Amino acid sequence: MRIARLLGTVLGTTLLTTTAVLTAPAQADTAVAARGTVTLDRPALRDSLDAVHEAGMYGVFSSVRDGRERWTGASGVADVATGRTVTPDMRQRVGSISKTFTAVGIMQQVERGRIRLDAPVGDYLPDLIPGERGREITVRMLLNHTSGIGDYVLSAFPSLTQGSTDSLDEERFRSIRPAELVRMGLAAPATGRPGAVPGSYSNTNYVIAGLLLEKVTGRKAGAYLAHHVIDRAGLRHTYLPRTPYIKGPHPRMYESWFGLLDPPRDFSVYDMSWASTAGSVVSTTDDLNRFYRALLGGKLVGKASLDEMTHTVPVSGVDYGLGIYSLELRGCGRFWGHDGAVFGAGTIALSSRDGKRQVALAQNLMKYQELDENGRPKLHPIDDAIAAHVVRALCPDTSASGINHSRLTKNLRFDQLSH
């Protein structure tokens, strides 16, 4: 089946697929203040966000910062049945952006001397990862996806390998323990030798990281992250859910699965235990900007830890550090962050290294693309529109018009699909 071939080659690098399929737009016009200082072009940001909705996205919302200036916007509907509009303050399941939160928690414990990055994970979790793997795989390899451990997603949702979405509905209210997710990942074919590069993106790594965090702190990972990462960063609307329901205002989240679900199905009520510390965080676009600003500004971990986090290796086509990746835009600079997706919800957050220039964007329709004869998703007008908005937000200067299109695509598409 075309879906099965797609998943077999790509899902190992993803939590699920997001539509942050960014290619640079043909132009990136700018707004320049009287003294030559680049500033937010609010009408252009508004127009570019509307273009995402006009291209077919149900609802999209975004937060952009340039120093102390801030812009938020929303376009489209949160509920296609009622026509309820999407608003900029809505909560969203942010998928694998959760990995940055988990990595911060681990690095805090490294700073306390409870974890050593280059120690074998078997030293801490001998029963979970016994034998040779436990001796060879280090904590660092978990965080930068060079462990060689496979992904558990196809085992958790087995119908996907047969071109069916039945598992998505059947498992909607299933509660699954992290150790079971790890068992599935360890049983999957290895993606390479421990430490080998390029690495291969695997959600199992970050479920293990969450269990490691619990082992050394004696607390549930969600409780630790809430107190030491989320609260410390000053986030007001971010949390790890305990039920299938999202608290506060949020859009319905629609999944198309490349046309198998027609019309797209609402998955806004879902037990997120299957994503665990790899992808279950709920947040807002404004909170995500605040989070990455706090992280890159040294408020969550020290300089040495941040240097470790921003040391990258090639992983599934991107430059990946420890829970964070980098994206180089020629003529504009390097940006840091993550993207993520779950059924029906996609999010991306990127920041300049000094935290002054930021964008976070969320959408409520996923895998709307058609597949080509090789089972790969074709570019959709939505993809171009999202790219234009993100580049508009990050690179308002005319120099950004020279961005290397293929490099941008390679980084943010995770080899045409992202997690």
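The present account deals with the structure reproduced in this document. The structure displayed is predicted, hence computed values, not measured ones.

Rules of the game
- Residues numbered from 1 in each chain as written.
- Predicted model: local features only at pLDDT ≥ 70, side-chain atom pairs only at ≥ 80, totals over all residues.
- Heavy atoms only, no water.
- Disulfide = S-S within 2.5 Å.
- Helix = DSSP H or I, 4+ residues; strand = E, 2+ residues; numbered from the N terminus.
- Buried < 20%, exposed > 50% of the residue type's maximum accessible area, 1.4 Å probe, protein only.
- Axes fitted to C-alpha atoms, helices over the stretch in contact; angles between N-to-C directions.
- Left-handed = near helix turned anticlockwise from the far one by under 90°.
- Contact = heavy atoms within 4.5 Å.
- Nonpolar A, V, L, I, M, F, W, Y, C, P; charged D, E, K, R; others polar.
- Expected span 1.5 Å × (residues − 1).
- Phe/Tyr/Trp six-rings, centres within 6.5 Å; stacked < 30°, edge-to-face > 60°.
- Polar contact = N/O pair within 3.5 Å; in protein donor to acceptor, adjacent residues only side chain to side chain.
- Pairing = 2+ DSSP bridges.
- Salt bridge = Lys/Arg side-chain N within 4 Å of Asp/Glu carboxyl O.

1. Focus: the state of the cysteines
Thought 1: What the rule picks out here adds up to 1 disulfide.
Thought 2: Here C332 connects covalently by a disulfide to C395, the sulfurs 2.1 Å from one another. Judged by the sign of its S-S torsion, about -100°, the bond between C332 and C395 is left-handed. Remark: C395 occurs in the loop between α14 (381-394) and α15 (405-413) and C332 occurs in the loop between β9 (325-329) and β10 (333-342); sequence separation between them is 63 residues.
Thought 3: Residue class for C332 comes out partly exposed when judged on its relative accessible area of 27%.

2. Some words on the packing of helix α3 (residues 98-111) against helix α12 (residues 285-296)
A pair of packed helices is captured by two measures, namely the crossing angle of their axes and the spacing between those axes.
Thought 1: With their axes 12 Å apart at the nearest point, α3 and α12 run at an angle of 30° to one another. Every pair of crossing elements has a handedness; the one defined by α3 and α12 is left-handed. Mapping the contact onto sequence places T100, F101 and V104 in α3 and L288, F291, Y292 and L295 in α12.
Thought 2: The class makeup of the residues in the contact of α3 with α12 is 6 nonpolar, 1 polar and no charged.

3. Looking at helix α9 (residues 203-217)
Thought 1: Over its 15 residues, α9 extends 22 Å from the first C-alpha to the last, a length consistent with the 21 Å expected when each residue adds 1.5 Å.
Thought 2: In terms of burial, α9 is largely enclosed, as 13 of its 15 residues are buried.
Thought 3: A positive phi of about 75° marks G218, the residue just after α9.

4. Some thoughts on the packing of aromatic side chains
Thought 1: For the structure shown, the criterion picks out 11 aromatic pairs.
Thought 2: Judged by centre distance (5.9 Å) and plane angle (85°), the ring pair of Y201 and Y320 falls under edge-to-face. Of this pair, Y201 sits in the loop between α8 (178-187) and α9 while Y320 sits in strand β8 (residues 318-320), and the two are 119 residues apart along the sequence.
Thought 3: Owing to a relative accessible area of 0%, Y320 belongs among the buried residues under this scheme.
Thought 4: Aromatic side chains Y270 and F343 sit 5.1 Å apart centroid to centroid with 55° between the ring planes, which places their arrangement in the tilted category. Separated by 73 residues along the polypeptide, Y270 in the loop between β5 (265-266) and α11 (276-279) and F343 in the loop between β10 and β11 (345-352) bring together distant segments of the chain.
Thought 5: Y270 sits in the buried class, given a relative accessible area of 1%.

5. What to know about the side chain of K367
Thought 1: Here K367 shows up in the loop between β13 (365-366) and α14.
Thought 2: Overall, K367 belongs to the buried group, its relative accessible area being 1%.
Thought 3: In terms of polar contacts, K367 uses its side chain to reach the side chain of E255, at 2.8 Å.

6. Here we look at the pairing of β11
Thought 1: With 8 of its 8 residues buried, β11 lies for the most part within the structure.
Thought 2: Here β11 shows no split at all, with A345, T347, A349 and S351 on one side and G346, I348, L350 and S352 on the other all buried.
Thought 3: Bridging between β10 and β11 involves 8 bridges; their strand directions are antiparallel. Looking across to β11, one finds that H338 is bridged to A349.

7. As for the sheet that holds β9
Thought 1: Strand order in this open sheet of 8 strands is β2-β1-β12-β11-β10-β9-β8-β7, and the pairing throughout is antiparallel. Edge positions in the sheet fall to β2 (69-76) and β7 (313-315), since each of these pairs with one other strand and no more. Each adjacent strand pair in this sheet contributes to an overall mean axis angle of 25°, direction not counted.
Thought 2: Pairing of β9 with β10 involves 5 bridges; the strand directions are antiparallel. Residue pairing in the sheet places L327 in a bridge with F335 of β10.
Thought 3: Where α14 meets the sheet, it contacts β1 (59-66), β2, β9, β10, β11 and β12 (357-363), and its direction lies at approximately 155° from that of β12.

8. A few points about the pattern of salt bridges
Thought 1: Across all of its chains, the model carries 20 salt bridges by this definition.
Thought 2: When the shortest N-O distance is used, the salt bridge between D307 and K303 registers 2.9 Å. One end of the pair is D307 and the other is K303, both in helix α13 (residues 303-309) and 4 residues apart, which spans about a single turn.
Thought 3: Judged by its relative accessible area of 38%, D307 is partly exposed.
Thought 4: Residues joined in a network through salt bridges with shared partners are R70, D286 and R290.

9. Looking at the sheet that holds strand β4 (residues 254-255)
Thought 1: Read from one edge of the open sheet, 3 strands run β5-β4-β13, paired in mixed fashion. Unpaired on one side and paired on the other, β5 and β13 mark the two borders of the sheet.

10. Here's the deal with unusual backbone geometry
Most peptide bonds take the trans form, and the phi angle of most residues other than glycine is negative.
Thought 1: With an omega dihedral of 5°, the bond running from V197 to P198 counts as a cis peptide bond.
Thought 2: One can find P198 in the loop between α8 and α9.
Thought 3: The residue after D262, namely P263, is reached through a cis peptide bond having omega 5°.
Thought 4: Mapping P263 onto the fold places it in the loop between β4 and β5.
Thought 5: Unlike most non-glycine residues, H145 shows phi in positive territory, near 60°.

By themselves, these observations are geometric and do not establish any function.
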